[in-house]
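# Structural overview
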Amino acid sequence: MRRGWLLRLVIAFGFAQGAVSMARPAVSYRALALGADERAIGVIAGVYALLPLFAAVPLGRRTDHGRCAPLLPAGVVLMSGGCALSGVAGSLPAMAVWSGVMGLGHLGFVVGAQSIVARRSASHEQDRNFGHFTIGASLGQLAGPLAVGAVIGTGTPHASGLALLCSAGVAAIALASLWRIEGPVPRGRRSSRSAVPVHRILRTRGVPGGILVSVAVLSATDVLTAYLPVIGEQRGIAPSVVGLLLSLRAAATIACRLVMTPMIRLMGRTALLTVTCLPAGLLCAGVALPVPVWALALMLAGLGFCLGAGQPLSMTTVVRAAPAGSRSTALALRLTGNRLGQVAAPASAGLVAGVAGTAAPFVMLGLLLAVAAGLGLRSGRHCAEHPEDPPRTSGHPGIRASVPQRQERQ
């Protein structure tokens, strides 16, 4: 099966992301059971996002000049171990340490997985393959919170610890899909080359725009998930309905990624990135309006659909704009930006909400997505000015396809 590797990667990513989506709220509940206050929970959550930042670029460097596949099982082992040890931890410092281990494992898995997609995809397949790859993340984000709610909702003693142990098992399942996930690496890639400096990658036209689009889309998703329950509480919307609204948003994101390829053929990738970010900004700001639940559901469905294109298209933008020999490092920098956004966006939203009310963060994110639409237009024009590799190749410009045709047919 020609794209069997991609299907296995999507399945593995779905389980890995599902485990993390289960574990992160369970960690908060477990920390509360150990006597944590809001500040301690914030520190534990920050360690998850900040600790792996120091490893992102070295991991990207490694995959640029070697194999990507070893990062995947290593990441799964760290995720599973971090989840399990968080479930039996008896102190808040231990919770913070194992939360950081979990975050490091997730980062390593994603760096390796995205690099495999970039390496094994011909240029004309990148948008489609990155879109399908991110479906795994959406499925995990859809199922994980529902699963952890079912476990913790039982009210049994140590339910949060049990949920973390279950998430460790879910992560371990991902190992079953990682066989023969990467083809042979050409000798030229194994040889030692001079690494492209990080500052040069970040100054390459198209890379900063792709990173900022990704940060804007992810920030909107994170803040929406965090603050929609607050909006629901203020408007008298039941928590079960809020959960359904968030699930509707996730389902719409999956639908977008399933039809992304025909939309690119119809509009072009630059236009698609722009026309999804701009309406997403308007819809995000619209969430602040006191509308009925049915109208809120329609807005969230439209918002989820528009946000679905940003992440995979930003991956393709970064991969195509990156200097030769630095694709994985550029993707790692994109993930670094995402993690920083996951820390800064909720903190900024909290400050804005404290001053102007809980509806204000949605207006702020609407403006951020409008800026992202402009950046997407600029980055997309740069990619159009620099033709991509011929359809039969999948490496950097000037490098032969990293996977022989014989391997592609397997």
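Our subject is the structure listed above.
In what follows, the accompanying structure is described.

Rules used in this analysis
Residues numbered from 1 in each chain as written. Predicted model: local features only at pLDDT ≥ 70, side-chain atom pairs only at ≥ 80, totals over all residues. Heavy atoms only, no water. Helix = DSSP H or I, 4+ residues; strand = E, 2+ residues; numbered from the N terminus. Expected span 1.5 Å × (residues − 1). Buried < 20%, exposed > 50% of the residue type's maximum accessible area, 1.4 Å probe, protein only. Contact = heavy atoms within 4.5 Å. Polar contact = N/O pair within 3.5 Å; in protein donor to acceptor, adjacent residues only side chain to side chain. Axes fitted to C-alpha atoms, helices over the stretch in contact; angles between N-to-C directions. Parallel < 35°, antiparallel > 145°, perpendicular 65-115°, else oblique. Left-handed = near helix turned anticlockwise from the far one by under 90°. Nonpolar A, V, L, I, M, F, W, Y, C, P; charged D, E, K, R; others polar.

On to helix H7 (residues 159–173). End to end, H7 covers 21 Å across 15 residues, agreeing with the expected 21 Å (1.5 Å per residue, within 8%). By the burial criterion, the buried members of H7 are Ala159, Ser160, Gly161, Ala163, Leu164, Ser167, Ala168 and Ala171. Looking at the buried positions of H7, the neighbouring elements they touch are helix H1 (4–33), helix H4 (71–88) and helix H6 (126–152).

Residue position: arginine 119 is located in helix H5 (residues 92–120). Taking relative accessible area as the criterion, arginine 119 reaches 7% and is therefore assigned buried. A polar side-chain atom of arginine 119 sits 2.5 Å from the main-chain carbonyl oxygen of threonine 63.

Packing of helix H13 (residues 269–286) against helix H14 (residues 293–307) brings their axes to within 9 Å, and their N-to-C directions diverge by 150°. On the basis of their axis angle, the class for H13 and H14 is roughly antiparallel. For the element pair H13 and H14, the recorded crossing hand is left-handed. In this structure, H13 uses Thr276, Pro279, Ala280, Leu283, Cys284 and Gly286 to contact H14, whose residues at the interface are Met299, Gly302, Leu303, Cys306 and Leu307. Of the residues contributing to the contact of H13 with H14, the split by class is 8 nonpolar, 3 polar and no charged.

What follows deals with the environment of alanine 195. Residue placement: alanine 195 occurs in the loop between helix H8 (187–190) and helix H9 (198–203). Taking the C-alpha atoms as reference points, alanine 195 and serine 326, separated by 131 residues in sequence, lie 7.5 Å from one another.

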